[in-house]
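# Notes for the structure review
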Amino acid sequence: MSRLRGAEVVLRGFRPEEVDLAMERMSPVPASSLDPVARRERRERISRSGARNDWEVLFAIESGGRVVGDVQARCSSHAMPPGVWELGIELWDEADRGRGLGRQAVALVASHLFSEEAAIRVQATTDVGNAAMRRALEALGFGYEGVLRAYMPTPKGPADYAMYGLTRSDWETARDGWTRTS
C-alpha cells in the first residue's frame, strides 16, 4: 500500500474504521442515495484504496491526524490512452479548503504518477467557478486547455468545467519549484 507524505498532508489508503465516513462523504452522491450494487462497489473501492487497481488509485487525504478528503487518479484502458491519468480531488469540509492541502495532495499524486506509474500526462478538471482549484493547478504548472461545456451533471443541470493538463516534461520542469512534498 502506497503512502505519500507531504509537509501538511499524507496520502494513504482508507483505514477500515474510515470506510463508512468515506462512503457518505465521497462525491458525487452519498452512499445512502445509491442502489445496493453501487453501494457495494463503492465500499469495495474504498476498501482497496492506497494501491492501484485495474483503472485507479484512490487515496485518503489526511491532515492533522484526520481524514479531510480524497484524491483519485484514474487511467482506464477503456477510456484513456496509455499513460494518461485524470485526477479528481475533494476536500470534504469548507474549513479545510484554501489552506494549500488540495494543492499539496495534487502535487503528491502527480509526482507519484510520473515517477511510479509511467504517466505521460496528468489532467484535471474543475468547475469553471472554482477559482481556488484553478489557481492551485496553475501554480503547479498545469496548463489551462479550455472549457468542457455542459460536462458535469449537477442538481441544477450540467456544469461547465475547465480542463488542465500537465505533461511529463512540464512536471520535470515544474516540480523543482514545488514545495518539497514527496
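About the thresholds
Residues numbered from 1 in each chain as written. Predicted model: local features only at pLDDT ≥ 70, side-chain atom pairs only at ≥ 80, totals over all residues. Heavy atoms only, no water. Helix = DSSP H or I, 4+ residues; strand = E, 2+ residues; numbered from the N terminus. Rg over C-alpha atoms; globule rule 2.2 N^0.38 Å. Buried < 20%, exposed > 50% of the residue type's maximum accessible area, 1.4 Å probe, protein only. Contact = heavy atoms within 4.5 Å. Areas by Shrake-Rupley, 256 points an atom, 1.4 Å probe, with all protein chains shown as cover. Lys, Arg positive; Asp, Glu negative; His and termini not counted. Charge placed at Lys NZ, Arg CZ, Asp CG, Glu CD. Core = buried A, V, L, I, M, F, W, Y, C linked by side-chain atoms within 4.5 Å. Polar contact = N/O pair within 3.5 Å; in protein donor to acceptor, adjacent residues only side chain to side chain. Salt bridge = Lys/Arg side-chain N within 4 Å of Asp/Glu carboxyl O. Patch = residues over 30% accessible without salt bridge, like charges linked within 9 Å, V, L, I, M, F, W, Y side chains within 5 Å. Phe/Tyr/Trp six-rings, centres within 6.5 Å; stacked < 30°, edge-to-face > 60°. Lys NZ or Arg CZ within 6 Å of the ring centre and 35° of its normal.

### Some words on the overall build of the chain
Along its length, the chain carries five helices and eight strands. Reading the chain from its N end, one meets helices and strands in the order β-β-α-α-β-β-β-α-β-α-β-β-α. Radius of gyration (C-alpha) of the chain: 16 Å, near the 16 Å computed for a compact globule of 182 residues. If you line up the chain on its principal axes, its C-alpha atoms span 45 × 35 × 35 Å. For the chain, the proportion of its 182 residues judged to be buried stands at 48%. Contacts spanning at least 24 positions in sequence make up 56% of the contacts within the chain whose residues lie at least 6 apart. For the chain, the accessible surface area stands at approximately 9,500 Å², while carbon and sulfur atoms represent 51% of it. In the chain, the 25 positive side-chain charges and the 26 negative ones have mean positions that sit 1 Å from each other.

### Focus: the nonpolar core
Core analysis: the biggest nonpolar cluster contains 36 residues, and L11, L87 and F142 have the highest contact counts within it. Elements with a minimum of two residues in this core: strand 3 (56-63), strand 4 (66-74), strand 5 (84-91), helix 3 (101-116), strand 6 (121-127), helix 4 (131-139), strand 8 (159-167) and helix 5 (168-174). By size, the runner-up hydrophobic cluster in this structure holds twelve residues, among which are A22, M26, L58 and A60.

### Side note on the side chain of D96
Within the element layout of this structure, D96 appears in the loop between strand 5 and helix 3. Within the structure, D96 has its side chain in polar contact with the side chain of R99 (distance 3.0 Å).

### A few points about the pattern of salt bridges
Inspection of every chain in the model, using the stated rule, returns 13 salt bridges. The salt bridge involving R45 is made with E56; its shortest N-O contact spans 2.6 Å. Taken together, the positions of R45 in helix 2 (residues 36-47) and E56 in strand 3 put the pair eleven residues apart, joining distant regions of the chain. Note that E117 and R52 form a salt bridge whose closest N and O atoms lie 2.7 Å from each other. With E117 in the loop between helix 3 and strand 6 and R52 in the loop between helix 2 and strand 3, the pair connects residues that are 65 residues apart, well separated along the chain. With relative accessibility at 41%, the residue R52 sits in the partly exposed group. Salt bridges linked by common partners bring R12, R15, E18 and E62 together as one network.

### Some points on a nonpolar patch on the surface
Together, V128, Y144 and V147 make up a nonpolar patch on the protein surface, roughly 230 Å² of accessible area in all. Along the chain, the position of Y144 falls in strand 7 (residues 143-152). Classification of Y144 as partly exposed rests on a relative accessible area of 42%.

### What to know about the packing of aromatic side chains
The full count for this structure, using the stated rule, is four aromatic pairs. The aromatic ring of W171 is capped on one face by R175, whose charged end is 4.2 Å from the ring centroid.

These figures come from the coordinates and say nothing about function on their own.
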